[in-house]
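Observations on the three-dimensional arrangement
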There are 2 protein chains.
Amino acid sequence: MRPGEGLDALMAPRSIAIIGASQDATKIGGRPVDLLRRYSYAGQIYPVNPKAPVVQGLQAYASLDELPEAPDLAIIAVDAEKAPEAVEQCAGRGVRSVVVFSSGFAELGEKGRAMQDRLRVAARRTGMRLLGPNCLGAVSVADRAIATFSIVLEHSLPAAGSLGIVSQSGNLGSFTMRMASDRGVGVSRFMTTGNECDIDIADGIAWLARDPATKVILCCVEACRDAGRLIAALTEARDAGKPVLVLKIGTSAAGQAAAASHTGALAGSDAVFDALLARHGAVRVRSIEELIELGHAASILLPDRLPKGPRLAVVTASGGFGVLLADAAQAVGLSLPELSEATQRTILELVPFASARNPVDATAQMSSRPDLLQKILSAVVADDRSDVIVLPLPFSLHMPRLRSVYMEALRHIRAHYPDRPVILCVDGPPDALAELHAMGYPTIASFDGCCAVVAALARLQAAAKAPKDASPSAIAKALPLSAEAFRHELGAKRALADAGLPVLAEQLVSNADAAAHAASEMGFPVVLKIASPDLPHKTEVGGVAIGLRSEAEVRQTHAEMLSRVAAKAPHAAIDGVIVAPMAQGLSELILGSRIDPVFGPVVMVGLGGIFAEIFQDTAVQMAPVSETQAMAMLTSLRAFAVLNGARGRRRADLEAAVQAIAALSRFAVAHAESVSEVDINPLLLKAEGAVALDALIVPRTSGPQQH
Amino acid sequence: MRPGEGLDALMAPRSIAIIGASQDATKIGGRPVDLLRRYSYAGQIYPVNPKAPVVQGLQAYASLDELPEAPDLAIIAVDAEKAPEAVEQCAGRGVRSVVVFSSGFAELGEKGRAMQDRLRVAARRTGMRLLGPNCLGAVSVADRAIATFSIVLEHSLPAAGSLGIVSQSGNLGSFTMRMASDRGVGVSRFMTTGNECDIDIADGIAWLARDPATKVILCCVEACRDAGRLIAALTEARDAGKPVLVLKIGTSAAGQAAAASHTGALAGSDAVFDALLARHGAVRVRSIEELIELGHAASILLPDRLPKGPRLAVVTASGGFGVLLADAAQAVGLSLPELSEATQRTILELVPFASARNPVDATAQMSSRPDLLQKILSAVVADDRSDVIVLPLPFSLHMPRLRSVYMEALRHIRAHYPDRPVILCVDGPPDALAELHAMGYPTIASFDGCCAVVAALARLQAAAKAPKDASPSAIAKALPLSAEAFRHELGAKRALADAGLPVLAEQLVSNADAAAHAASEMGFPVVLKIASPDLPHKTEVGGVAIGLRSEAEVRQTHAEMLSRVAAKAPHAAIDGVIVAPMAQGLSELILGSRIDPVFGPVVMVGLGGIFAEIFQDTAVQMAPVSETQAMAMLTSLRAFAVLNGARGRRRADLEAAVQAIAALSRFAVAHAESVSEVDINPLLLKAEGAVALDALIVPRTSGPQQH
């Protein structure tokens, strides 16, 4: 089913039944009834309870069959064991969507997984959509359709607004909604997907992409279960001009272990997830705070005031705050360009002691004279050397005199520079903040948070404007590889050469004469390497010799190598010795591919040697990648400068590297059913061309993994 | 003067005169009078104003001479031009300390600097201490001695508490005080040092180290002007068992530029500052938020409940929060050890569906049954596999029922496990938070913030327990170096060899015969290198040849090199050709020293090649360093594993590396007046021994810099 399809009945229901409705408003079967009534849901509420004719003052029904109509949505608030039957009854009654609060399914192991499968089967049979199980349900704020038992609504319902929240974790989603609400930021819809036996996070994103009430989509993810659906949903949101902000949890080893025991879902590689988001226009945030602040700022600045680049101007009445913001800005990749001479002159004419370059320190004079404030702000906002302006106003809004001075100036700025994004770094009384939001100013309390949000806003704009990813055309499944491909490096390289990767002209020889002959044909110096499926670490057994300069040297080395290897690894099967020309180049890359349990074949590149590992400076992408994407992977390496001719080095043939990455990625897809891993270490880059010096292809021990 | 001496009159004055006292409470000469009265300062207040007999209801004096006594403290709130005279009068009258609010001094250039010097001279003549100029003054919260015009006090005075704040930036200090106050954290003293013409940040730290009201010292620094005084003050705080938490601003290039125009102070290297703090037991924080949260937590946990290590246990009623905290913990270097089998068994007996390893997810059951909560918490807190416990309670305290459940359990835990540090990740009503603080629980609202603080608390404990830095003994000034030392690499290496650094046995020769002779004496293969003061980049002019294997080859190469260099660099002075043995090793280091404008001679080490630069993986310290400190520099490198035998490599001779670093650091100190920079690139590390292959010594063009 296409992501998001059939969710209207869940997200905008005209009638809601509660199976297991309770008189007690603190119980999970009682809280939705209470909340629906308390917040005046306008649709029909049908409590279902076989034992009570009235629940919380509403007429109750003994069973689904007794309802006057098939409800749009049924909430299942019964024990796990009874849930499958309840869901089957809903499907039978023609209910269009259900939410299953109950826990005790796949997260508890095999037996629970079987029960969960029953839920899915029942729902899929009639096309009824199912949210959960083990979830906190959904809320449509504007029409007060509250299908949740989250305690955060006990306190109050969030104001209606344009942030849509979709979360796998119920508590995390609830907490996000609560924080947004406390922060004065309105919410459109809220959905928690829990075990995702039918509706998943991709459904939520896609539905919100079509929802007129939602401008920005906030997403809390623990595990991606289906990359294809997620990509489709992200693409739909991008096409709709709605930013998707993603907080992914379970990124650390400890966090992944905790997430696995929490949801029972396999975690794919975090780096691949990251690459997927970037490739499809979503923006990843690092914390709940950033999720909410960025959502807030984006919802105010959309559709046409996102910063067009990373150039920041800062105007402050305090030098210290200017320095603090300059530090925070640089830490997140923003630049502080010097303002134009005209702007600087204007500022210095107004306040001779000011610092006018950027950050502008207009000194305390600025806030004591309303005319100065307005003129200085206008000059900076009018200067097109910056893409976005940040104005720190610590504690100013708490002082009635300063508050009115600033409000007046800011109203003037909005009226005269309606296209320019200005962000306020400020805390203050809620009514003052609400006034600023209504005027079109995002407000963020912390300095670091403010710069992080500005940087993310610029990334949002870049993602929205980026050309859509032209994925390489579909790759056909390839014929099986020869056994030799898995047996030794020469076999592996031959298989890769067939796939378009550049390799050395090597020969496998079975005696010293053949070795000497091959060497003299290819030209000295040469390298000898032992060929054996049992010796992945050839150097350790004396199985590599380099720089051999004559036939005599080759003969002698061949003999010595065989006896050395025989002594050190007596049980290894020896297929012969590989003779290869000595190759010299400028840099070395490590290329690899493997099968991610969630994302399928992925391709990886890093600088060779041990640095990729120690500095974790590698790039990864779902395969296949185009040459353009492969180049983006290379340029994302911190070590890219090394390849590109830093410090007087010659530039390596990056085009050859890019073709090799793309070719390997196609190979990984074409052989995904039989190859679990490819390692090319190193791929030698020359000034012209590249060549794989060593390679390993690891077979899949079983068929494609199921999960 | 010893840091902190003579500050009692400033920080605990029995009488305060305000020079330039104003009737208008919003003026800088009026606000202190207003605040002293409003917050009931118990000492004498003496407004000084030649034109008004009464100021804000208090008797005013026409001049200092008319005061009935010499006040402990005089506030100077007059224009910059009048300030020197006012300060001189204070000194003459026997005033013990002054605060100069006025700006318009060194931050505005030479003329201002001269006026500022007058202030210093006047103060120093009588030993009167002077705070400022261009500062926001000082506040002693407990005795309500308010010598500031900061607007943050208009709203309210912070509660008295144990955080002492000392800041160079007035606004940053004010903001810190205000945020602490809003956060429910009490403040002892507040001091802003501004241009620091007399009292500096070191004075503030040292005085707070002796102040019984202060337990934790919060420090906002823009620029260190005197490293020696800062070290003395940090040492005093460490000896007093008081943590010093430092927020340094102006760390980025943009921030440093802004700071320079803001205060007129030179910025020393941020990396050296960082190393100085670590070496002397201070802990650096990354944001104002972290400064305040860490100060808050430390003040509650001191003296004996700081976490003894980085092992964290998390107990939560929500899986999602557990995962989030696990991620945040790993990101800051905390570990989440698996709890003991006994603890896990206890938890699973209480809640069969719980995750019991760590993070403990005790599910929503935990908070619905008070008995469970208490038992599970007790089990985790009692388990000594963790050093610190974090309990996330999002929105729980807002629900009266949950609040009372948690309060009861937490009271029980404090009573039964009084020595164990438990941190709550929670926001809530101020009275609930205050209750928790009084019980001994630090509370931190954000997840990331919570883990950052826990990690910093563990660092605080480690810093407090670390053996004191055994600085190498004083280094005598050395005899001047020969001209040759500055002329070419052989001269540089000879000078370094005299200082104990290992170098190759090389020879400088003036003709081909001598080259051949030298080569055959040292044994083939050899290297030839051009020796010239004009050719720092020898390779670019063809001035390096390696791997020469015979006398004939040496002769020929010698001749070719001279003619090649003559053609490419006809104007270069040629001192001859250096003949050196080929050296092979395991790894290469870059060693260097230079003169930091603030910190003096510093020594630097990084992995050789271009990686030190690209990955910014270098370590730096004030010179001299001991061998122990040099080893700490090496182990702090991310690339340390490479040196130490990662991935089957042989371990390099780290002891030789350490001796070279220490020797270079002593050389840098001994020659600080004549040498501005030394570069050893590379220092080749072997399995046994090390050797400098190339070196450069750059002379100081003038004497030591003044600032």
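Predicted, not measured: the structure shown is a model, and the values here were computed from it. (Residues numbered from 1 in each chain as written. Chains lettered and ligands numbered in written order. Predicted model: local features only at pLDDT ≥ 70, side-chain atom pairs only at ≥ 80, totals over all residues. Heavy atoms only, no water.)

**Things to note about the overall build of chain A**
Stated precisely, the cut-off is as follows: Numbering of helices and strands starts at the N terminus; helices are DSSP runs of H or I of at least 4 residues and strands are runs of E of at least 2. A simple rule labels every residue: compare its accessible area, found with a 1.4 Å probe on the protein chains alone, to the largest value its type can have, and call it buried under 20%, exposed over 50%, or partly exposed in between. Every residue pair with non-hydrogen atoms within 4.5 Å of one another is taken to be in contact. Computed with the Shrake-Rupley method and a 1.4 Å probe, the accessible areas treat only the protein chains shown as cover for residues. Neither His nor the chain ends contribute to the count of charged residues, in which Lys and Arg are positive and Asp and Glu negative. Taken as the charge centre is NZ of Lys, CZ of Arg, CG of Asp or CD of Glu, depending on the residue.
When you go through chain A residue by residue, the secondary structure sums to 26 helices and 29 strands. Principal axes of the C-alpha set define a box for chain A whose edges measure 95 × 80 × 40 Å. In chain A, which comprises 707 residues, the share counted as buried stands at 60%. A sequence separation of at least 24 residues applies to 72% of the contacts in chain A between residues at least 6 apart. For chain A, the exposed surface amounts to about 26900 Å²; the carbon and sulfur share of it is 52%. In chain A, 66 side chains carry a positive charge and 73 a negative one; their mean positions are 3 Å apart.

**Examining the UniProt feature "domain: ATP-grasp" (unreviewed entry) in chain A**
Put simply, the test is: UniProt positions are given in the numbering used here, feature names are shortened, and annotations may be inferred rather than shown by experiment.
Within this numbering scheme, the UniProt entry marks residues 493-529 of chain A as carrying the feature "domain: ATP-grasp" (unreviewed entry). Counted over residues 493-529 of chain A, helix gives 46% and strand 19%. Its end C-alpha atoms are 14 Å apart.

**Quick notes on the pairing of strand 2 (residues 44-48) of chain B**
All names here are of chain B. Rule in force here: By this definition, two strands are paired if DSSP reports at least two bridges between them. Here is how to tell: hold the view so the strands point away, follow the path from the first strand over the helix to the second, and if it runs clockwise the crossover is right-handed.
For strand 2, a buried count of 4 out of 5 residues is recorded, marking the element as mostly surrounded by other parts of the structure. Here strand 1 (residues 15-19) runs beside strand 2; their pairing, made up of 5 bridges, is parallel. Considered in strand 2, the bridge of I16 is made with I45. Running through helix 2 (residues 31-38), the crossover from strand 1 to the neighbouring parallel element strand 2 is right-handed.

**Examining the sheet that holds strand 18 (residues 422-425) of chain A**
Residue and element names in this part refer to chain A. Note the following rule: Inter-axis angles, ranging from 0 to 180 degrees, are taken between N-to-C directions of lines fitted to C-alpha atoms, where helices are fitted over the stretch in contact.
Strand order in the open sheet formed by 5 strands is 16-15-17-18-19, with parallel pairing between adjacent strands. Edge positions in the sheet fall to strand 16 (360-361) and strand 19 (443-444), since each of these pairs with one other strand and no more. Direction of pairing for strand 17 (residues 388-392) relative to strand 18: parallel, over a ladder of 4 bridges. Residue pairing across strands places P392 opposite C425, the latter belonging to strand 18. Helix-sheet contacts for helix 15 (residues 370-382) involve strand 15 (312-316), strand 16, strand 17 and strand 18, and the interaxial angle to strand 15 is about 175°.

**Observations concerning the domain arrangement of chain A**
The condition that has to hold: An automatic or database domain assignment provides the domain bounds reported here.
For chain A, the assigned domains are domain 1 (8-300), domain 2 (306-465), domain 3 (505-581) and domain 4 (587-699). Look at where the C-alpha atoms of domain 3 of chain A and domain 4 of chain A centre, and you get two points 27 Å apart.

**Some points on the interface of chain B and chain A**
Rule in force here: Summed over both partners, the accessible area (1.4 Å probe) lost when two parts come together is defined as the buried area. Polar contacts, as counted here, are pairs of nitrogen or oxygen atoms within 3.5 Å of one another; within protein the pair requires one atom able to donate a hydrogen and one able to accept it, and residues that are adjacent in sequence qualify only if both atoms are side-chain atoms. In this count, Pro and Cys sit with the nonpolar residues alongside Ala, Val, Leu, Ile, Met, Phe, Trp and Tyr, while Asp, Glu, Lys and Arg are called charged and the others, Gly among them, polar.
Taken together, the contacts link 63 residues of chain B with 63 residues of chain A. Buried surface at the junction of chain B and chain A, both sides included, amounts to about 5100 Å², of which 71% is carbon and sulfur. Where chain B packs against chain A, one counts 8 residue pairs in polar contact (both at pLDDT 80 or more). Tallied by class, the residues present in the side of chain B that touches chain A amount to 33 nonpolar, 16 polar and 14 charged.

**Focus: the relation of the copies chain B and chain A**
In plain terms, the rule: Here the copies are superposed with least squares, the fitted atoms being C-alpha atoms of residues at a pLDDT of at least 70 in both.
Superposing chain B onto chain A requires a rotation of 180° together with a translation of 0.0 Å along the rotation axis, leaving an RMSD of 0.1 Å. What we have between these two chains is a two-fold relation. Closest to the rotation axis within chain B is the C-alpha of F615 of chain B, separated from it by 3.9 Å. Both copies share a contact surface, since 100% of the interface residues of chain B are interface residues in chain A too.

**A short note on helix 16 (residues 400-416) of chain A**
Residues and elements named next belong to chain A. The line we're drawing: The span expected for a helix works out to 1.5 Å for each residue beyond the first.
The terminal C-alpha atoms of helix 16 lie 25 Å apart, and with 17 residues this matches the ideal 24 Å at 1.5 Å per residue to within 8%. Of all the positions in helix 16, only L402, R403, V405, Y406, M407, A409, L410 and I413 are classed as buried. Turning to helix 16, the residues buried within the fold contact helix 14 (365-368), helix 15, strand 17, strand 18 and helix 17 (430-439).

**Notes on the environment of L153 of chain B**
All names here are of chain B. Secondary-structure assignment places L153 in helix 5 (residues 152-155). Remark: the alpha-carbon pair of L153 and R31, spanning 122 residues in sequence, is separated by 9.6 Å. With near-sequence residues (within four places) excluded, L153 lies in contact with L35, R38, Y39, V139, I146, T148, P158 and M177.

**What about the pattern of salt bridges?**
Side chains that carry opposite charge are capable of pairing whenever their charged atoms lie near each other. Convention followed: When a carboxyl oxygen of Asp or Glu is within 4 Å of a side-chain nitrogen of Lys or Arg, the pair counts as a salt bridge.
Applying the stated criterion across every chain yields a total of 79 salt bridges over all chains. Among the salt bridges present, the one from K529 of chain A reaches E506 of chain A, with a minimum N-O distance of 3.6 Å. Placement of K529 of chain A in strand 21 (residues 526-531) and of E506 of chain A in the loop between helix 20 (489-498) and strand 20 (507-509) is noted, with a sequence separation of 23 residues between them. For E506 of chain A, a relative accessible area of 9% translates into the label buried. Across the pair D270 of chain B and K248 of chain B runs a salt bridge whose closest N-O atoms are separated by 2.9 Å. Linking D270 of chain B in helix 10 (residues 270-279) with K248 of chain B in strand 13 (residues 244-248), this pair joins segments that are 22 residues apart in sequence. Note on accessibility: D270 of chain B and K248 of chain B belong to one class, buried. One network of salt bridges, with partners in common, ties together R124, R129, D198, D200, D203 and R229 of chain A.

**Quick look at the side chain of S318 of chain A**
With respect to the secondary-structure elements, S318 of chain A resides in the loop between strand 15 and helix 12 (319-331). Not counting chain neighbours up to four residues away, the residues in contact with S318 of chain A comprise D361 of chain A together with N171 of chain B.

**Concerning the nonpolar core**
Here is the rule: Note on terminology: a nonpolar core comprises buried Ala, Val, Leu, Ile, Met, Phe, Trp, Tyr and Cys residues joined through side-chain atoms within 4.5 Å.
In terms of nonpolar packing, the biggest core is built from 312 residues, with I205, L457 and F599 of chain A together with I205, L457 and F599 of chain B touching the most fellow members. Beyond its immediate sequence surroundings of up to four residues, I205 of chain A is in contact with V166, I217, C219, L230, A233, L234, A237 and V244 of chain A. With 84 residues, the next largest nonpolar core counts L481 and I697 of chain A together with L643 and L683 of chain B among its residues.

**Regarding the packing of helix 8 (residues 227-239) of chain A against helix 10 (residues 270-279) of chain A**
All names here are of chain A. Note the cut-off: An angle counts as roughly parallel when it lies under 35 degrees, as roughly antiparallel when it exceeds 145, as roughly perpendicular when it falls between 65 and 115, and as oblique in every other case. For a crossing to be left-handed, the near helix must be turned anticlockwise from the far one by less than a right angle; the clockwise case is right-handed.
Where helix 8 contacts helix 10, the two axes come as close as 10 Å, and the packing angle between them is 30°. By the angle between their axes, helix 8 is roughly parallel relative to helix 10. Helix 8 and helix 10 meet at a crossing whose hand is right-handed. Side by side, helix 8 and helix 10 meet where A227, L230, I231, L234 and R238 of the first sit next to F273, L276, L277 and R279 of the second. The residue makeup of the contact of helix 8 with helix 10, split by class, is 7 nonpolar, no polar and 2 charged.

**Some words on helix 21 (residues 512-522) of chain A**
Three or four residues apart is the spacing at which side chains of an α-helix point the same way, because the helix has 3.6 residues per turn. All names here are of chain A. What counts is decided by this rule: In this context, the arc is that of the directions from the helix axis out to the C-beta atoms.
For helix 21, every residue scored as buried is listed here: A515, A516, A518 and A519. Projection of helix 21 onto a plane perpendicular to its axis shows the buried side chains occupying an angular sector of 165°, all on one side. Across helix 21 from its buried face, at more than 90 degrees, point the exposed residues D513 and E521. Of the residues flanking the start of helix 21, the one acting as N-cap is N511, its side-chain oxygen 3.1 Å from the backbone nitrogen of D513. One or two steps after helix 21, the chain reaches G523, where phi turns positive at roughly 95°.

**Overview of the side chain of D198 of chain B**
Residue and element names in this part refer to chain B. As for its position among the elements, D198 is in the loop between strand 11 (187-192) and helix 7 (201-210). A polar contact is formed between the side chain of D198 and the side chain of R129, at a distance of 3.0 Å. Setting aside residues no more than four positions away along its own chain, D198 makes contact with R124, M128, R129, L130, G132 and D203.

**Quick word on the sheet that holds strand 5 (residues 73-76) of chain A**
All names here are of chain A. Spatially, the 5 strands line up as an open sheet ordered 2-1-5-6-7, and their pairing is parallel. Each edge of the open sheet is held by one strand with a lone partner, namely strand 2 (44-48) and strand 7 (129-131). Within the sheet, the average angular offset between the axes of one strand and its neighbour, ignoring direction, is 20°. Bridge count between strand 5 and strand 6 (residues 97-100): 4 bridges; the pairing is parallel. Across the sheet, the residue bridging to A74 is V98, located in strand 6.

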